[in-house]
Amino acid sequence: MSVLDIRRAGDPVLKTKAQPVAKVTKPVRQLLDNMVQTMREADGVGLAAPQVGVSLRVIVVDVGDGLIELINPELIETEGCETSTEGCLSVPGYYGEVERFAQVTVTGLDRKGNLQKIACDGLLARAMQHEIDHLEGVLFIERAQSLHKEIKE
Ligand code: NI
């Protein structure tokens, strides 16, 4: 496993629509392993493959309730809306208020290629939507109603 470089806003890969994974192969599982390690090292709650320069529809999320790895994730149900603060490892130092669906159901494949269906709300629902946005080439700063720079003392 290795920690990968995280691409920053301005990198064209972050503006590119990512391609679906045709088959869950060993290289895809290695990508997942590296993405998890990179997310943990950066102390993030989610990471999408384009953020490590790979334009594939792969995300990892861990908001503190356990790791979720999804290949070809899709939002299949949405309900309500909620505005809260978000940040992104590709936009370090910035935070913004973003409106998202309050509850979502997401489908996708796990690392064994089995279909998963995950109903979520709160921070997990937000993280899922944020990571799926990355697969469409969308950054939270494009959705944010306001953007603040973190002041370092
Ligand atoms: Ni992000």
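A. Quick look at helix 2 (residues 122-135). Under the 1.5 Å per step criterion, the end-to-end length of helix 2 is 21 Å for 14 residues, consistent within 8% with the ideal 20 Å. Extensive coverage of helix 2 is indicated by the burial of 12 of its 14 residues. Along helix 2, the residues classified as buried are Leu 124, Ala 125, Arg 126, Ala 127, Met 128, Gln 129, His 130, Glu 131, Ile 132, Asp 133, His 134 and Leu 135. Following helix 2 by one or two positions, Gly 137 adopts a phi angle in the positive range, close to 80°.

B. Spatial organisation of the coordination of the nickel ion. Looking at the metal site, the nickel ion is ligated by Cys 88 (SG), His 130 (NE2) and His 134 (NE2), spaced 2.1 to 2.2 Å from it. Each donor residue of the nickel ion belongs to the same chain, and together they define the spacing C-x41-H-x3-H. Here Cys 88 is found in the loop between strand 4 (82-86) and strand 5 (94-100), whereas its partner His 130 is found in helix 2, with 42 residues between them in sequence. A relative accessible area of 7% places His 130 in the buried class.

C. Representation of the state of the cysteines within the structure. Within this structure, the stated rule accounts for zero disulfides. Cysteine Cys 120 remains unbridged, with the sulfur of Cys 81 as its closest cysteine sulfur at 16 Å.

D. Highlighting the sheet that holds strand 5. Ordered in space as 4-5-8, the three strands form an open sheet in which the pairing is antiparallel. Across the chains shown, the open sheet's two edge strands, defined by having one partner strand only, are strand 4 and strand 8 (146-149). This sheet shows a mean twist of 20° between the axes of neighbouring strands, independent of strand direction.

E. How the structure looks around the side chain of His 134. With respect to the secondary-structure elements, His 134 resides in helix 2. Among the polar contacts made by the side chain of His 134, one reaches the side chain of His 130 at a distance of 3.2 Å. If we ignore the near neighbours within four places in the chain, the residues touching His 134 are Leu 14, Thr 16, Ala 48, Pro 50, Gln 51, Cys 88 and Leu 139.

F. A look at the nonpolar core. Ile 59, Leu 70 and Met 128 are the most contacted members of the largest nonpolar core, which has 16 residues in total. Taken together, the elements giving at least two residues each to this core come down to strand 2 (58-61), strand 3 (68-79), strand 6 (103-109), strand 7 (115-121) and helix 2. Examining the composition of this core, we find that six residues originate from one element, helix 2, more than from any other. When residues no more than four places from it in sequence are discounted, the contact partners of Ile 59 are Leu 32, Met 35, Leu 47, Ala 48, Ile 68, Glu 69, Leu 70, Pro 73, Met 128, Glu 131, Ile 132 and Leu 135. With 14 residues, the next largest nonpolar core counts Val 24, Val 28, Val 52 and Val 58 among its residues.

G. Main features of the pattern of salt bridges. Here the structure, examined in full by the defined rule, presents 11 salt bridges. Here Glu 142 ties to Lys 15 by a salt bridge, and the two come within 2.9 Å at their closest N and O atoms. Taken together, the residues Glu 142 in helix 3 (residues 140-143) and Lys 15 in the segment before helix 1 (26-41) connect sequence positions 127 residues apart. The exposure class of Lys 15 is partly exposed, given its relative accessible area of 47%. Arg 143 is the salt-bridge partner of Asp 133, the closest N and O atoms lying 2.5 Å from each other. Of the two residues, Asp 133 is situated in helix 2 and Arg 143 in helix 3; the sequence distance between them amounts to 10 residues.

H. Quick look at the environment of Leu 135. Note that Leu 135 resides in helix 2. In this structure, the C-alpha to C-alpha distance between Leu 135 and Glu 97, residues 38 residues apart in sequence, is 20 Å. With residues up to four places along the chain from it excluded, the contact list for Leu 135 reads Thr 16, Lys 17, Ala 18, Ala 48, Pro 50, Leu 56, Arg 57, Val 58, Ile 59 and Pro 73.

Rules of the game
- Residues numbered from 1 in each chain as written.
- Predicted model: local features only at pLDDT ≥ 70, side-chain atom pairs only at ≥ 80, totals over all residues.
- Heavy atoms only, no water.
- Helix = DSSP H or I, 4+ residues; strand = E, 2+ residues; numbered from the N terminus.
- Expected span 1.5 Å × (residues − 1).
- Buried < 20%, exposed > 50% of the residue type's maximum accessible area, 1.4 Å probe, protein only.
- Donors = N, O, S within 2.8 Å, 3.2 Å for Na, K, Ca; no water.
- Disulfide = S-S within 2.5 Å.
- Pairing = 2+ DSSP bridges.
- Axes fitted to C-alpha atoms, helices over the stretch in contact; angles between N-to-C directions.
- Polar contact = N/O pair within 3.5 Å; in protein donor to acceptor, adjacent residues only side chain to side chain.
- Contact = heavy atoms within 4.5 Å.
- Core = buried A, V, L, I, M, F, W, Y, C linked by side-chain atoms within 4.5 Å.
- Salt bridge = Lys/Arg side-chain N within 4 Å of Asp/Glu carboxyl O.

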